[in-house]
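So you can see what is in the structure, the chains are spelled out below.
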Amino acid sequence: MTAPLVWIFVALMALSVPVAHAMLGGAAAALWLDGKPMAVIAQRLYTPTQSFPMLAIPFFILAGNLMMSGKFGVYLVNVARLLVGNFKGGLGQVSIIGSVMFGGVSGSAVADASALGNALIPVQKKEGYPAGFAAAINSASSTVSVLIPPSIPLILYGLVSNVSIVDLFIAGILPGVLLGAGMFAAVAWTAKRRNLPRSPLAGGFRAFRAQILAAFPALLMPVFVIGTLRFGVATPTEVSVMAVAYALLVSGLIYRDLTFRGIWEAAVATGLMTGAVMIIIMASSVIQWVLTAERVPQELAAWVQASFAEPWMVILALNLVMLVVGAFLDLPAAVLLLGPLFVTIGQAIGLDLVQLGLMMVVNLAVGLYTPPVGTTLFISAAIARAGIGETVKALLPFYGVAIAVLLAISYLPALTIY
């Protein structure tokens with residue numbers, strides 16, 4: 001069944017069929033050709049929708065949408081500008097600091113790229129930033145969000161690998177900070193070469209104090225999430241519901257910018273994002289059934305062990321495969337497809353599964369700003385009105401940073417401590 005599944009899936013993707021539909025088409029053809037009952041598809045589509053931990057995804061997305069629908073985005077940008085605006089290329093650094101802070105609210109690179117890109121790219125262009133460089137900063141820095149809790153890709157990996165989502169959240173903090181610091185250095189280096197301006201926010205310490213106090217309730221969101229999970233107060237799903245309540249409280253009683261229209265728009269946006277993720281989750285469940293029935297994970301793990309003499313070679317091969325796949329598949333789909341296969345391989349070579357999850361997310365995040373399917377790349381280039389070629393050229397230092405961080409977490413397990 002596996003060969004027809006792969007070939008038909010690839011053919012449908014080449015014809016620009018949506019990923020979830022290509023998955024279902026490949027799985028249906030494989031089952032039909034092997035004489036298996038088609039009722040398997042209906043059963044497997046239904047099964048993942050009954051997962052209680054899966055509820056964390058829409059609630060974390062809703063919490064982020066509620067927080068970003070009002071004044072918080074403005075406060076966040078101002079705080080970031082006060083922190084790093086005095087550096088050369090300060091507005092570029094604001095994108096990175098903003099992504100680190102925003103990641104603790106939304107957990108979505110696409111939401112980050114859209115929100116911060118619309119806020120910062122037009123201002124950066126007015127201050128003399130080349131359009132391609134402004135788009136490059138935004139498309140790369142937004143991927144820090146997939147490591148800073150609450151991360152939607154880490155939740156998905158935890159669900160398909162049976163790894164603790166709490167452990168993944170905690171382990172993602174240090175790699176996320178390292179990735180942000182590396183991108184900070186890349187912007188500083190480029191800004192010095194291009195002699196880009198500083199962009200301090202007027203007002204000095206008084207303005208800083210006012211802005212940090214205004215943003216403080218929203219910036220507590222990631223602390224609240226991690227603290228509640230770390231001390232076992234609640235499960236990830238329960239924390240996601242509490243995060244929505246917290247977002248309503250902050251927006252309604254502290255910022256006082258919550259409206260029924262804002263709640264409605266946040267709910268609609270959440271429904272659209274959740275629907276896009278859920279249809280891929282449901283389709284991947286059918287794929288996983290086919291692969292399990294064919295014992296593909298076990299056979300693949302045995303082949304890898306026989307073909308590669310050392311664990312470091314296996315890890316390198318996994319990274320190369322994920323980098324290639326990430327360039328052609330969206331991050332959620334790639335996590336759901338590769339997760340079950342690579343978990344079996346990781347266990348065979350003694351690789352910590354939390355470490356594997358972070359490797360997978362960093363690898364596939366690079367695909368978000370890599371042609372031909374890079375989501376944050378196309379969003380940022382559209383906002384900046386920059387050519388894809390121009391943006392990719394400006395992205396070269398960021399690719400270098402991402403690969404360096406990827407190699408570090410792949411071969412230095414201490415960086416993924418939890």
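In this report, the structure presented in the accompanying data block is examined. These figures come from a predicted structure and were not determined experimentally.

**Side note on a nonpolar patch on the surface**
In step 1: Taken together, the side chains of W312, L316, L320, I403, L407, Y411 and L412 present a nonpolar region at the surface, about 630 Å² in accessible area.
In step 2: Positionally, I403 belongs in helix α19 (residues 388-411).

**Considering the environment of W264**
In step 1: On the secondary structure map, W264 appears in helix α13 (residues 260-293).
In step 2: Residue classification places W264 among the exposed residues on the basis of a relative accessible area of 61%.
In step 3: Taking C-alpha positions, W264 is 50 Å from M313, a pair spaced 49 residues apart along the chain.

**Quick word on unusual backbone geometry**
In step 1: For the peptide bond that leads from P149 to P150, omega is -5°, which places it in the cis range.
In step 2: Among the secondary structure elements, P150 is positioned in the loop between α8 (131-141) and α9 (152-161).
In step 3: The phi torsion at N195 lies on the positive side, around 55°, for a residue other than glycine.
In step 4: If you trace the backbone, N195 turns up in the loop between α10 (165-194) and α11 (204-230).

**Concerning helix α18 (residues 375-384)**
In step 1: Turning to α18, its buried residues are T376, L377, S380, A381 and A384. Within α18, the buried residues cover an arc of 125° as seen down the axis, which keeps them to one side.
In step 2: Following α18 by one or two positions, R385 adopts a phi angle in the positive range, close to 55°.

**Side note on the packing of aromatic side chains**
In step 1: The full count for this structure, using the stated rule, is 4 aromatic pairs.
In step 2: Between the aromatic rings of W303 and F308, the centroid separation amounts to 6.3 Å while the plane-to-plane angle is 90°, which identifies the pairing as edge-to-face.
In step 3: Owing to a relative accessible area of 52%, W303 belongs among the exposed residues under this scheme.
In step 4: With 5.4 Å between their ring centres and 15° between their planes, Y369 and Y399 make a pair best called stacked. Taken together, the residues span a long stretch of sequence, with Y369 in the loop between α17 (353-366) and α18 and Y399 in helix α19 at a distance of 30 residues. No difference in accessibility class separates Y369 from Y399, as the two residues are buried.
In step 5: Over the ring of W189 we find R193; its NZ or CZ atom is 4.8 Å from the centre of that ring.

Conventions adopted
Residues numbered from 1 in each chain as written. Predicted model: local features only at pLDDT ≥ 70, side-chain atom pairs only at ≥ 80, totals over all residues. Heavy atoms only, no water. Patch = residues over 30% accessible without salt bridge, like charges linked within 9 Å, V, L, I, M, F, W, Y side chains within 5 Å. Areas by Shrake-Rupley, 256 points an atom, 1.4 Å probe, with all protein chains shown as cover. Salt bridge = Lys/Arg side-chain N within 4 Å of Asp/Glu carboxyl O. Helix = DSSP H or I, 4+ residues; strand = E, 2+ residues; numbered from the N terminus. Buried < 20%, exposed > 50% of the residue type's maximum accessible area, 1.4 Å probe, protein only. Arc of directions from axis to C-beta. Phe/Tyr/Trp six-rings, centres within 6.5 Å; stacked < 30°, edge-to-face > 60°. Lys NZ or Arg CZ within 6 Å of the ring centre and 35° of its normal.

By themselves, these observations are geometric and do not establish any function.
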